Amino acid sequence: VEEILSSAAPDQTPYVQTQDEWVVLLNTVYFLGEWTTPFDPDLTTPQTFTPGGGEAVDVPTMTMTDADLSMARGDGFTMLRLPYGQEGRYAMELMLPDADLPTMLTDLDADTWSAAVDVLSPQLVTRLALPSFELEWGQNLKEPLAAMGMGPALADTADFQPMSATDPVLSSVVHKTYIRVDEAGTEAAAVTGGGMRATSVPEPNEFIVDRPFAFTVSDTQTGTILFLGTVTDPRG
């Protein structure tokens, strides 16, 4: 956990615990899932992927043929679900936009996602092509959380005296996420830490991921999304 908190994405300020910080609150989640039907590594080959606003590049792409998978048409995208494990309770949902990713994300919310999940139906997918990828993301969440309504808790005037007579303030909230998707399955982890200081469109039978896309990792039994993200360039 300390290693995750002390590191950050290249364009973000690393989290550094100071001597003034007397408590750090952590929330962690870890997921390791093996595909119900793994990809054959021998079928992974360089295939064309066009990043958003960039020129086409060749990236390692996993391929599966004649697989029984669930697909659905969503509002501005096509969804395909890849299950994990023998029971398939957990799964990754891939969302490939009809137009471009920013346009799709503008209209993508929980209701839109759920509506697509609700109409997923088993289909014979004659060809699935999915780039393998490994991504990291990290950021200080004070500004986003303030915009979501947590401003009073993040202000120096916040009242945390019930926790301590020293009248602490919430000085930082950092988040770090990692995910790797390969032929075997998915490994993902996330840590959120708060430091307190003293006051101071494809063919119907094909799903070819050759452009930026979005994904979720969810619990199909409860409908809970565990991880979500976008891939604009599988090279990272």
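Scoring rules and cut-offs
Residues numbered from 1 in each chain as written. Predicted model: local features only at pLDDT ≥ 70, side-chain atom pairs only at ≥ 80, totals over all residues. Heavy atoms only, no water. Helix = DSSP H or I, 4+ residues; strand = E, 2+ residues; numbered from the N terminus. Polar contact = N/O pair within 3.5 Å; in protein donor to acceptor, adjacent residues only side chain to side chain. Phe/Tyr/Trp six-rings, centres within 6.5 Å; stacked < 30°, edge-to-face > 60°. Buried < 20%, exposed > 50% of the residue type's maximum accessible area, 1.4 Å probe, protein only. Salt bridge = Lys/Arg side-chain N within 4 Å of Asp/Glu carboxyl O. Core = buried A, V, L, I, M, F, W, Y, C linked by side-chain atoms within 4.5 Å. Contact = heavy atoms within 4.5 Å.

## A few points about the side chain of Thr 61
And then number 1: Relative to the helices and strands, Thr 61 is located in strand 3 (residues 57-73).
And then number 2: Engagement of the side chain of Thr 61 in a polar contact is seen with the backbone oxygen of Val 59, the distance being 2.9 Å.

## Quick look at the packing of aromatic side chains
And then number 1: For the coordinates displayed, the defined rule picks out 4 aromatic pairs.
And then number 2: Seen in terms of ring centroids, Trp 35 and Phe 39 are 6.2 Å apart; in terms of plane orientation they differ by 75°. Their pairing is edge-to-face.
And then number 3: Trp 35 gets classed as buried once you look at its relative accessible area, which sits at 4%.
And then number 4: Measuring from ring centre to ring centre gives 5.9 Å for Phe 133 and Phe 213, while their planes differ by 70°; the resulting arrangement is edge-to-face. In this structure, Phe 133 and Phe 213 share a single accessibility class: buried.
And then number 5: Among the aromatic residues, those joined into a ring-pair cluster are Trp 35, Phe 39 and Tyr 84.

## So, the pattern of salt bridges
And then number 1: All chains considered together, the criterion is met by 5 salt bridges.
And then number 2: With its nearest N and O atoms 2.8 Å apart, the salt bridge here joins Arg 73 to Asp 98. Note that Arg 73 is positioned in strand 3 and Asp 98 in the loop between strand 5 (90-97) and helix 2 (101-107), a separation of 25 residues in sequence.
And then number 3: A residue is classified by how much of its surface remains accessible, and Arg 73, at 47% relative accessible area, is partly exposed.
And then number 4: Among the ionic pairs, Asp 233 bridges to Arg 235, the shortest N-O distance being 2.7 Å.
And then number 5: By relative accessible area, which is 18% here, Asp 233 ends up buried.

## So, the nonpolar core
And then number 1: Leu 80, Leu 82, Met 92, Leu 94, Leu 128, Leu 130 and Phe 213 are the most contacted members of the largest nonpolar core, which totals 31 residues.
And then number 2: Secondary structure elements with two or more residues in this core: strand 3, strand 4 (77-83), strand 5, strand 6 (121-131), strand 7 (133-140), strand 8 (169-181), strand 11 (213-219) and strand 12 (224-231).
And then number 3: Take this core: its biggest share by element is 7 residues, from strand 3.
And then number 4: Beyond its immediate sequence surroundings of up to four residues, Leu 80 is in contact with Leu 69, Ser 70, Met 71, Met 92, Glu 93, Leu 94, Val 125, Leu 128 and Phe 207.
And then number 5: Residues Ala 72, Trp 113, Ala 116 and Ala 214 belong to the second largest nonpolar core, which totals 11 residues.

## Observations regarding unusual backbone geometry
And then number 1: Here the phi dihedral of Asp 66 falls at roughly 50°; this positive angle occurs in a residue that is not glycine.
And then number 2: Counting through the fold element by element, Asp 66 comes out in strand 3.
And then number 3: Classification of Asp 66 as exposed rests on a relative accessible area of 53%.

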